[in-house]
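# Fold and geometry: a report
Residues per chain are reported as follows:
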Amino acid sequence: MWRDGDFRRLWVGQTASQLGEHASLVVLPLFAVLTLDAGAGELGVLRAVGQAPILLLSLFVGAWVDGWRARTVMVLTDVGRTLALGAAAVAGLFGWLGLPTLFVVAFAVGALSVFFDVAYQISLVRLMRRDQLVRGNSALEGSRSAAQIGGPALGGVLVSLLSAPVAAASSALFFALSFLSIRRIRRIESLPEISERSPRVWRRIHEGLRFVVGDTSLRTVCLASAAFQFSFAAVMTVYLLFLPRELHLSGTVIGLALAATGPGALLGSVLAARLPSRFGHGAVLVCAAALGDGVFLCVPALHGSPAVTVPVLLAVNFLLGIGGQLVNVTVMAVRQAVTPAGMQGRAAATITFVGMGLTPLGSLLGGFLAEEWGSRTSLLVTAAGMMLSPVLMALSPLARLGRELPQ
């Protein structure tokens, strides 16, 4: 697999793109909290604006991307994100980088990321054989793990030690690197056959929705993902307030604590290539989700000096990374295995829409709860909500998937 030059180029581009994306996800909220003194409500709105494109665009993107080459889509979105964050850096240099500008940049980067994420999920199906999907997904998700190691730490350090314009510029450079790598992919993708009278976009969206809803495994993935992503969005809004204001951690320490998710996710990627074939895909999904979600329940109890709290935070984020990555890789392999070639983009977009479409509301809820109840109580409530995801999977036929991928 690694001897394939095109796969290596995709892997490098994916790694760079995810590194830029994870850095920007930390840079913008931390800049708002630490520099602009944004309140809980404003931080919730900022995160919701960045996540809104998932709800607004995912279904249209899935219907549209199925008829395009994934390489072209990824290259164009990398260019767009480079320009958006580059513009943010320039605005910061001139003193214009306030909350309104952050809202605009967050929305633009979020919208382009929807296109990139759908395109990269279908690119692997077009580049590799079916029996290579689990290993390919494991490698690509491993690249995302590497980005989770460096992205948050880089974002936290740059915001603390330098400036928001420099931090935004660093993310732009990673998107530029992704562009340079992915544009060198030479293999011509085999696009699904499309009739001369292609159905309208609404018809194609409806076909994608009907396919996902009609498949038991994909329907359960949607529901479990929606429960997790809604609660996790609320958790992260409160978490980014809890760490600096309750535990009194600096931006650098926060970035390093968040980066611990990366090594965990890297280990999760390695395990995802082996555990499902040994213990069954369903058992891995349920156990990994319970581990990754349940460990967060201990965070609201943290008190004391950084010498005590930081090691616990590192351990929590490490386990969150392991569980989350096992779920991500396994779910993606199941989805790709049961979905016809001409439906891959729409199925991925439909799951993204249902699973992550509620994240803007979750972010707003997190900000509201933090203002009303305080960050510690809100963090406990929202973390408990994450446990609904493994419960839904355990009660569904998805938990009974065996060692072989379904046809």
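The text that follows walks through the structure, step by step, so that each part is easy to find. Bear in mind the structure is a predicted one, so any value in this text is a computation, not a measurement. (Residues numbered from 1 in each chain as written. Predicted model: local features only at pLDDT ≥ 70, side-chain atom pairs only at ≥ 80, totals over all residues. Heavy atoms only, no water.)

Before going further, it helps to spend a moment on the nonpolar core. Nonpolar side chains tend toward joint burial in soluble globular proteins. In this structure, Y239, L243, F296, V299, L313 and L379 are the most contacted members of the largest nonpolar core, which totals 31 residues. Considering every element that reaches this core, the biggest residue donor is helix α8 (residues 216-245), with nine residues. Counting 23 residues, the second largest nonpolar core, distinct from the first, contains L218, V221, L285 and A347. (Core = buried A, V, L, I, M, F, W, Y, C linked by side-chain atoms within 4.5 Å. Buried < 20%, exposed > 50% of the residue type's maximum accessible area, 1.4 Å probe, protein only. Helix = DSSP H or I, 4+ residues; strand = E, 2+ residues; numbered from the N terminus.)

Attention now moves to the side chain of S396. Note on placement: S396 falls in the segment after α17 (388-394). A residue is classified by how much of its surface remains accessible, and S396, at 7% relative accessible area, is buried. Only 3.0 Å separates the side chain of S396 from the backbone oxygen of M393, close enough to count as a polar contact. (Polar contact = N/O pair within 3.5 Å; in protein donor to acceptor, adjacent residues only side chain to side chain.)

To continue, consider the packing of aromatic side chains. On inspection of all chains with the given rule, the structure shows two aromatic pairs. On the numbers, 5.2 Å between centres and 15° between planes, the contact of F228 with F232 is stacked. In this pair, F228 and F232 both sit in helix α8, four residues apart, roughly one turn of the helix. Judged by centre distance (5.1 Å) and plane angle (65°), the ring pair of Y239 and F296 falls under edge-to-face. With Y239 in helix α8 and F296 in the loop between α12 (281-294) and α13 (306-338), this pair connects stretches of sequence that are 57 residues apart. The same class applies to Y239 as to F296, namely buried. Directly above the aromatic system of F116 lies the positively charged group of R81, at a separation of 4.7 Å from the ring centroid. (Phe/Tyr/Trp six-rings, centres within 6.5 Å; stacked < 30°, edge-to-face > 60°. Lys NZ or Arg CZ within 6 Å of the ring centre and 35° of its normal.)

With that settled, the discussion passes to helix α2 (residues 40-65). For α2, built from 26 residues, the straight-helix expectation of 38 Å at 1.5 Å per residue is met to within 8% by its first-to-last C-alpha distance of 36 Å. At L57, α2 shows its maximal bend, which comes to roughly 60°. (Expected span 1.5 Å × (residues − 1). Bend = angle between axes of the 7 residues up to and from the residue.)

A contiguous nonpolar surface patch, about 300 Å² in accessible area, is contributed by V45, L358, L361 and L364. Assignment of secondary structure puts V45 in helix α2. With a relative accessible area of 33%, V45 lands in the partly exposed category. (Patch = residues over 30% accessible without salt bridge, like charges linked within 9 Å, V, L, I, M, F, W, Y side chains within 5 Å. Areas by Shrake-Rupley, 256 points an atom, 1.4 Å probe, with all protein chains shown as cover. Salt bridge = Lys/Arg side-chain N within 4 Å of Asp/Glu carboxyl O.)

Running from amino to carboxyl end, α12 crosses α13 at an angle of 150°, the nearest separation of the two axes being 8 Å. Viewed along their axes, α12 and α13 adopt a mutual orientation that is roughly antiparallel. As α12 runs across α13, the sense of the crossing is left-handed. Contacts between α12 and α13 involve H281, V284, L285, A288, A289, L291 and G292 from the former and L319, L320, I322, G323, L326, V327, T330, V331 and V334 from the latter. By residue class, the composition of the contact of α12 with α13 is 12 nonpolar, four polar and no charged. (Axes fitted to C-alpha atoms, helices over the stretch in contact; angles between N-to-C directions. Parallel < 35°, antiparallel > 145°, perpendicular 65-115°, else oblique. Left-handed = near helix turned anticlockwise from the far one by under 90°. Contact = heavy atoms within 4.5 Å. Nonpolar A, V, L, I, M, F, W, Y, C, P; charged D, E, K, R; others polar.)

It is possible for side chains of opposite charge to pair when their charged atoms get near one another. Across all of its chains, the model carries three salt bridges by this definition. Its salt-bridge partner being R81, residue D78 comes within 3.0 Å of it at the nearest N-O pair. Residue D78 and its partner R81 are both found in helix α3 (residues 70-93); the two are separated by three residues, about one turn of the helix. The two residues D78 and R81 agree in class, both being buried. Through salt bridges with shared partners, one network takes in E21, D78 and R81.

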